[in-house]
Amino acid sequence: LTPTPPNKPVDSVSPCARYQILQKFSKALDVEALPKTQVVEIRFRSQDAQLAATVANRLTASYLEHNFLTRYQATMQASGWLHDRLTEMKKDVEVAGDQLATYQKTANIIGTDETDNLAVSQLSDMGKQLTDAEADRILKEAKYRLAMTGNPELIGTIVPDSVLPTLRGQEAQLNTQLAQARAEYGTRYPRVVQLQSQADQVHEALKAETANIQSRFKSEYDAALHSEADLQKSMDRLKQDAFSQSAKFTKYVQLKNEAESKAQLYDDLLKKLDEAGVAAGLKST
């Protein structure tokens, strides 16, 4: 069997010789997944112990690299979409800035001191409150919808101190004991009746705890929804007051807030994208 010439690529070997080498390599290689584990055992038989170790290590490293690249490419596809969205948002920021500058010039607004206009100042403060209320409502809506799935594992992620995991464990244990007792004694045996009663109690407690959590998150979501709606109404009324006090300056402030909000949103999303990229890279690693 003709080996690959030293320091030369595999393509330098004839197809026939390369086929023979691969056949011999395949026969010497043994890859086996160990039962009931996530471990894969790789063996390579060779008279050269160093060669056998090198082949096994190289195959392992190649698989790990392939697995990493697969996850990395998936992450990059998602990042590519976000980058496109960021490009669009950057254009929006530029357009908003141009509109602000054009209006300031057209309306002949020389100063940008908003403290001279109380309504405008209040409008700015109200806008921040409304943004916070909207964020709070979105967060509580997400938790409410998660709770409404009724999945104890998902609910446990938002209520870490819940007794749901304990009840779930008790329910599973009782169901197992109940199934064994039924198979051994039948359905009317006192022990079976007792286990059934305990299982029913745990099941009802599980349902009650889930319902309590769902009710709590619904109340929090409804409160956040009403709070946001009230702030929106106050915001609308304050806008009308601001228009009546200083139409031109109010228009300027609106454009300014819009431009700043878009710029802030762009910066926040860019920061989150960078953080997500780092986290995804670590996860892939």
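This structure is a prediction, so every number in the text was calculated from the model and none was measured.

1. Notes on the overall build of the protein
Piece 1. For the protein, the helix and strand inventory stands at seven helices and two strands.
Piece 2. Its helices and strands in sequence order give the protein the pattern α-β-β-α-α-α-α-α-α, from N to C terminus.
Piece 3. Out of the 285 residues belonging to the protein, those deemed buried represent 24%.
Piece 4. For the protein, the exposed area adds up to about 20,100 Å²; of that, 54% sits on carbon and sulfur atoms.

2. Topic: the nonpolar core
Taken as a class, soluble globular proteins show a tendency for nonpolar side chains to be buried jointly.
Piece 1. Listed in full, the nine residues of the largest apolar core are Leu167, Leu174, Leu178, Ala181, Val192, Leu195, Ala199, Val202 and Leu206.
Piece 2. The set of elements that each furnish at least two residues to this core consists of α5 (164-185) and α6 (190-245).
Piece 3. With five residues, α6 is the single largest residue contributor to this core.
Piece 4. Apart from the residues within four sequence positions on either side, Leu195 is in contact with Leu174, Gln177, Leu178 and Ala181.

3. Some points on the packing of aromatic side chains
Piece 1. Inspection of every chain in the model, using the stated rule, returns two aromatic pairs.
Piece 2. Summarising the aromatic geometry, the rings of Phe25 and Phe44 are spaced 5.0 Å apart at their centres and angled 40° between planes, so their arrangement reads as tilted. Here Phe25, found in helix α1 (residues 15-28), pairs with Phe44, found in strand β2 (residues 40-44); they are 19 residues apart in sequence, far enough to count as distant.
Piece 3. Taken together, a centroid distance of 5.4 Å and an interplanar angle of 10° make the contact between Tyr144 and Tyr221 stacked. A residue pair is termed long-range when its members are at least 10 positions apart, and Tyr144 in helix α3 (residues 118-148) and Tyr221 in helix α6 qualify at 77 residues.

4. Examining the side chain of Gln214
Piece 1. Its location among the elements puts Gln214 in helix α6.
Piece 2. For Gln214, a relative accessible area of 17% gives the class buried.

Conventions we followed
- Residues numbered from 1 in each chain as written.
- Predicted model: local features only at pLDDT ≥ 70, side-chain atom pairs only at ≥ 80, totals over all residues.
- Heavy atoms only, no water.
- Helix = DSSP H or I, 4+ residues; strand = E, 2+ residues; numbered from the N terminus.
- Buried < 20%, exposed > 50% of the residue type's maximum accessible area, 1.4 Å probe, protein only.
- Areas by Shrake-Rupley, 256 points an atom, 1.4 Å probe, with all protein chains shown as cover.
- Core = buried A, V, L, I, M, F, W, Y, C linked by side-chain atoms within 4.5 Å.
- Contact = heavy atoms within 4.5 Å.
- Phe/Tyr/Trp six-rings, centres within 6.5 Å; stacked < 30°, edge-to-face > 60°.

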